[in-house]
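Analysis of the macromolecular model
Residues per chain are reported as follows:
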Amino acid sequence: MATWRLSNIYFFYFATIGIVMPYWGVYLDYLEFNAQEIGQLMAIFLATKMVAPNIWATVADSLAERRGNSIGLIKIATALTVIIYTILYWASGFWAVGAVMLGYCVFWNATLPQLEAITLNNLPDKNQYGRVRLWGSVGFIVTVILLGYSMDLAGERSILHAGAIALVLLFFSSLLLSGSRIKSHVTRSVERENTAGVSQLLTPKIVAVLLLCMCMQMSHAPLQTFLSIYLRDHGFSHFQIGLLWSVGVICEIGIFLLASRLLRTYSLVTLLVFTFAIASIRWMLLGLFPETLLVVLGTQAMHAITFGLYHTAMIRVIDRLFVGRYQIRGQALYSSISYGLGGALGALLSGYIWDGLGDSALFICSGLFMLFVSIIAWKFLPNLIPDDSQSAH
């Protein structure tokens with residue numbers, strides 16, 4: 001398969017993320033939901049990450065075993081995402097909007113895991129993955145800037161239209177995919193072994209590490225749910241907000257390029273405690289100086305550390321904690337508990353704190369929370385993460 005076909009679908013998939021992550025809370029605010037309701041609705045989006053990818057991975061694996069590949073699943077999933085999403089044009093009320101969000105997120109979340117597998121299976125050289133995945137970041141950056149500008153001209157309703165356009169283009173991009181047959185029997189074998197060994201994975205040390213991961217993502221929930229509303233309410237235009245979101249992604253790309261050198265120079269414990277501490281500083285600064293452009297710009301640049309460096313280090317930690325036949329299950333647990341459960345709980349709590357204590361207090365509370373997590377991590381992480389000569393199993 002030509003790499004441009006893969007780059008194309010990455011571009012439009014992450015373009016949809018460039019709509020949902022920065023602006024969906026703004027759209028829900030436009031629909032006049034209160035902060036608690038916005039938190040609850042965004043929790044639906046994040047909670048589907050706990051279950052949907054695992055379910056669709058099982059379905060895709062079954063298709064790959066019977067038909068040789070699962071590319072058709074992406075085409076079906078993107079088509080159903082478009083169909084269900086369009087119901088939002090008529091949906092009104094909390095339960096109706098929540099039901100539609102649940103429906104399209106279940107199918108939307110089926111896309112990326114299968115795309116990653118198809119990409120790696122069809123690239124002649126797996127080292128080309130970074131060049132293909134880069135177009136996802138480009139799609140995100142282009143979308144947040146253009147949609148921010150569009151909102152200043154046409155209002156918040158343009159978020160709904162942009163989502164529809166991006167999803168339709170994502171569907172058409174999926175139609176361009178084709179690929180070689182996948183050797184699925186190896187995956188099936190490993191998956192059966194992992195399922196059988198789940199009860200052996202949740203040792204106290206591993207649970208403790210996963211809880212720290214969950215805390216990190218809980219602290220990011222105010223960013224994902226309310227940052228654009230927060231900055232708008234403190235005087236930033238939508239175009240400025242889009243530019244600020246793009247700064248975070250650009251800096252994230254930069255840290256990915258430096259990550260291998262940092263991992264060789266510093267221990268995983270040192271890097272993780274550092275990312276937790278920077279997260280604390282980032283949220284505190286946002287809470288204390290929401291109207292100061294240079295401060296907000298600096299906090300967005302910190303995304304390179306609180307996401308890029310953190311995620312890179314945690315992937316290495318999970319690789320050490322879950323060895324041999326447990327590696328696939330370990331990555332699934334990390335994703336589900338961290339980004340799924342942690343993100344959903346954080347979104348729910350964010351709505352209540354925003355309504356109860358105020359917008360600035362939400363980010364200050366998140367900063368204080370991560371200060372506590374940093375201290376806990378500094379004290380206990382050295383005993384939780386094995387060094388190069390150890391493993392958890």
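Now for a quick tour of the structure. This structure is a prediction, so every number in the text was calculated from the model and none was measured. What you see as residue numbers is a count from 1 along each chain, following the sequence as written. Two thresholds apply to this predicted model, a pLDDT of at least 70 for residue-level local features and 80 or more for giving and counting side-chain atom pairs, whereas whole-chain, interface and lining totals are computed over all residues. Side-chain figures throughout are based on the complete set of non-hydrogen atoms in the structure, without hydrogens or water.

**Quick word on the nonpolar core**
By size, the foremost hydrophobic cluster in this structure holds 109 residues, and its most contacted members are Trp24 and Leu381. Helix and strand assignments come from DSSP, with helices taken as H or I runs of at least 4 residues and strands as E runs of at least 2, each series counted from the N terminus. With 14 residues, helix H1 (residues 3-30) is the single largest residue contributor to this core. We call two residues in contact whenever any of their non-hydrogen atoms come within 4.5 Å of each other. Setting aside chain neighbours within four positions, we find Trp24 in contact with Ile19, Met42, Tyr85, Leu88, Met101, Tyr104, Ile159 and Leu160. Buried Ala, Val, Leu, Ile, Met, Phe, Trp, Tyr and Cys residues that are joined via side-chain atoms within 4.5 Å together make up what is termed a nonpolar core. Whether a residue is buried, partly exposed or exposed follows from its accessible area with a 1.4 Å probe, protein chains only, as a fraction of its type maximum: under 20%, in between, or over 50%, in that order.

**Focus on the environment of Val138**
Mapped onto the secondary structure, Val138 falls in helix H6 (residues 129-154). Taking the relative accessible area as the measure of exposure, Val138 reaches 27% and is therefore partly exposed. Between the C-alpha atom of Val138 and that of Phe14, which follows or precedes it by 124 residues, the distance is 8.2 Å.

**Remarks on the side chain of Ser228**
Within the secondary structure layout, Ser228 lies in helix H10 (residues 204-233). A 3.5 Å cut-off defines polar contacts: any pair of N or O atoms within that distance qualifies, except that in protein one atom must be a possible hydrogen donor and the other a possible acceptor, and neighbouring residues in sequence count only when both atoms are side-chain atoms. Engagement of the side chain of Ser228 in a polar contact is seen with the backbone oxygen of Pro22, the distance being 2.4 Å. Here Ser228 is in contact with Pro22, Tyr23, Val26, Ile241 and Trp245, once residues within four sequence places are set aside.

**Describing the side chain of Gln300**
Relative to the helices and strands, Gln300 is located in helix H13 (residues 293-301). Given a relative accessible area of 3%, Gln300 falls into the buried group. A polar contact is formed between the side chain of Gln300 and the backbone oxygen of Leu244, at a distance of 3.1 Å.

**A look at the environment of Tyr352**
Relative to the assigned elements, Tyr352 resides in helix H15 (residues 327-357). A residue is classified by how much of its surface remains accessible, and Tyr352, at 43% relative accessible area, is partly exposed. Apart from the residues lying within four places of it in its own chain, the contact partners of Tyr352 are Gln36 and Gln40.

**Describing the packing of aromatic side chains**
Between rings of Phe, Tyr and Trp, where Trp is taken as its six-membered ring, a pair exists when centres lie within 6.5 Å; planes separated by under 30 degrees are stacked, by over 60 edge-to-face, and by other angles tilted. This structure, assessed with the given rule, holds 19 aromatic pairs. Summarising the aromatic geometry, the rings of Phe94 and Trp95 are spaced 5.2 Å apart at their centres and angled 85 degrees between planes, so their arrangement reads as edge-to-face. Grouped by ring-pair contacts, the aromatic residues Tyr10, Tyr13, Phe14, Phe45 and Trp108 constitute a single cluster. Between the NZ or CZ atom of Lys379 and the centre of the ring of Phe380, over which it lies, the distance is 5.8 Å. To sit over a ring, a charge needs its Lys NZ or Arg CZ within 6 Å of the ring centre and within 35 degrees of the ring normal.

**Points about the pattern of salt bridges**
It is possible for side chains bearing opposite charge to pair when their charged atoms get close. Each reported salt bridge corresponds to a side-chain nitrogen of Lys or Arg within 4 Å of a carboxyl oxygen of Asp or Glu. Within this structure, the stated rule accounts for three salt bridges. Measuring nitrogen to oxygen at the nearest pair gives 2.8 Å for the salt bridge that ties Arg232 to Asp29. Highlighted residues: Arg232 in helix H10 and Asp29 in helix H1, separated in sequence by 203 residues. Take Asp29: its relative accessible area is 26%, and that puts it in the partly exposed class. Between Asp233 and Arg232 there is a salt bridge; the shortest N-O distance is 3.2 Å. For Arg232, a relative accessible area of 22% translates into the label partly exposed. Connected via shared salt-bridge partners are Asp29, Glu156, Arg232 and Asp233.

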